[in-house]
Amino acid sequence: MIKSVIKGYGYYVPENVVTNDDLSKLMTTNDEWITERTGIKERRHRKNRNDSEETTAFLAKKAAEKALEKANLTAKDLDFIVFATLSPDYFFPGSGVVLQEMLGCDTIGALDVRNQCSGFVYSMSVADAFIKAGTYKNILVVGAEVHSFGLDFTDDGRGVSVIFGDGA
């Protein structure tokens, strides 16, 4: 039986670090309150909420390049892309095909899995099924989110905004 193997991995986060103290300047909270409830001390956000360059697909591209390098593969070696995100750059086309173009892949299939927390796990299971069925050999699985643009940085949103950041 064919089995799946993770050949490489990569990640990318924006340079802009947002600490709990930074958030305490925007809403009624503090480091102790956030850390006690989440364990989080800092997260990454794009510098500009309206940044048209540091998109979800851009973050994914940076992470994918690292993963491909560690796997000793190139984008031309890929057969398929599974992209997990709930914050796509567009509703249509999906982020998977945007990433495929950014990487300069040959014309290959790509799909988006639009689930929040479990999206990456579902994406891995989809890739695993394709590999085991013998449909594809090299599948890029990417999870990427840009949440900072949609978070409410007032007291009304503090229960959620302190948790999420941007990254791939």
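These numbers were taken from a predicted model, which means no experiment stands behind them.

What counts as what
- Note on numbering: residues in each chain are counted from 1, in written sequence order.
- Residue-level local features of this predicted model are given only where pLDDT is at least 70; pairs of side-chain atoms are given and counted only at 80 or more, and the full residue set underlies all totals for whole chains, interfaces and linings.
- Note that the side-chain values use all heavy atoms of the structure and ignore hydrogens as well as water.
- With a 1 Å grid spanning the protein atoms alone, the term cavity applies to any set of points in which a 1.4 Å probe fits but cannot get out, the term pocket to an open set with protein on both sides within 12 Å along at least five of seven lines, and the term lining residue to any residue with an atom within 4 Å of a point.
- Grid points are joined across faces, edges and corners, and a volume is the space filled by probe spheres set on the points.
- Each helix is a run of H or I in the DSSP string that is no shorter than four residues. Each strand is a run of E no shorter than two, and both are numbered from the N terminus.
- Lys, Arg, Asp and Glu make up the charged group, whereas Ala, Val, Leu, Ile, Met, Phe, Trp, Tyr, Cys and Pro make up the nonpolar group; the residues left over, Gly among them, are polar.
- The buried label applies to any residue whose accessible area, calculated with a 1.4 Å probe on protein chains only, is under 20% of its type's maximum; exposed applies above 50%, and partly exposed to all values in between.
- Pairs of N or O atoms are called polar contacts if they sit within 3.5 Å, as long as, within protein, a hydrogen donor faces a hydrogen acceptor (for residues adjacent in sequence, only side-chain-to-side-chain pairs).
- Each reported salt bridge corresponds to a side-chain nitrogen of Lys or Arg within 4 Å of a carboxyl oxygen of Asp or Glu.
- Pairing between two strands requires that DSSP report at least two bridges joining them.
- Throughout, right-handed denotes a crossover for which the path from the first strand over the helix to the second runs clockwise when the strands point away from the viewer.
- Helix axes use the C-alpha atoms of the stretch in contact, all axes being lines fitted to C-alpha atoms, and the angles between their N-to-C directions lie in the range 0 to 180 degrees.
- By definition in these notes, contact holds between two residues if any of their heavy atoms fall within 4.5 Å.
- To define a nonpolar core, start from buried Ala, Val, Leu, Ile, Met, Phe, Trp, Tyr and Cys residues and group those joined through side-chain atoms within 4.5 Å.

Novice: So what's going on with the layout of surface pockets? Residues and values would help.
Specialist: To find the voids left in a structure, one rolls a probe of water-molecule size over its atoms. Of the volumes computed, that of the largest pocket is approximately 630 Å³. Surrounding the largest pocket, 28 residues form its lining, Ile6, Lys7, Gly8, Ile139 and Val141 being those nearest its centre. Looking at the lining of the largest pocket, the elements that each hand over two or more residues are helix 3 (56-70), helix 5 (119-132) and strand 5 (139-143). Within this model, the second largest pocket holds a volume of roughly 260 Å³. In terms of lining, the second largest pocket is formed by 14 residues, of which the most central are Gln116, Glu145, His147, Phe164 and Gly167. A breakdown of the residues in the lining of the second largest pocket according to their chemical character gives six nonpolar, six polar and two charged.

Novice: Which residues make up the side chain of Thr29, and what are the values?
Specialist: Along the chain, the position of Thr29 falls in the loop between helix 1 (20-24) and helix 2 (31-38). The buried category is assigned to Thr29, whose relative accessible area is 12%.

Novice: Talk me through helix 2; I want residue IDs and the actual numbers.
Specialist: N-cap assignment for helix 2: the residue whose side-chain oxygen lies 3.1 Å from the backbone N of Glu32 is Asn30. Residue Gly39 follows helix 2 closely and has a positive phi angle near 80 degrees.

Novice: How would you summarise the pattern of salt bridges if you had to cite specific residues and measurements?
Specialist: Under the definition given, this model contains six salt bridges. Its salt-bridge partner being Glu36, residue Arg37 comes within 3.5 Å of it at the nearest N-O pair. Overall, Glu36 belongs to the exposed group, its relative accessible area being 59%.

Novice: Please give an account of the pairing of strand 3 (residues 80-84) that cites residues and values.
Specialist: Burial analysis of strand 3 places five of its five residues in the buried class, the great majority of the element. Side chains of strand 3 alternate between two faces, with Phe80, Val82 and Ala84 and Ile81 and Phe83 buried alike. Strand direction decides the pairing type here: strand 3 and strand 4 (residues 109-113), joined by five bridges, are parallel. Its bridge partner lying in strand 4, Val82 is registered against Leu111. In the classification by handedness, the crossover that spans strand 3, the intervening helix 4 (residues 95-103) and the parallel strand 4 is right-handed.

Novice: Let's hear about the sheet that holds strand 4: which residues, and what values?
Specialist: With respect to topology, three strands assemble into an open sheet ordered 4-3-5, the strand pairing being parallel. Edge positions in the sheet fall to strand 4 and strand 5, since each of these pairs with one other strand and no more. The sheet shows a mean angle of 15 degrees between the axes of neighbouring strands, taken without regard to direction. The sheet strands contacting helix 5 are strand 3, strand 4 and strand 5, and the helix crosses strand 5 at an angle near 175 degrees.

Novice: An account of the nonpolar core is requested, with residue identities and associated values reported.
Specialist: Counting residues in hydrophobic clusters, the biggest one holds 20 residues, and the most contacted among them are Leu78, Leu99, Leu103, Cys105, Leu140 and Val142. Elements with a minimum of two residues in this core: helix 3, strand 3, helix 4 and strand 5. Of all the elements, helix 3 adds the most residues to this core, at six residues. Contact partners of Leu99, with chain neighbours within four places excluded, come to Ala57, Ala60, Lys61, Ile81, Phe83, Leu140 and Val142.

Taken by themselves, the reported measurements are silent on function.
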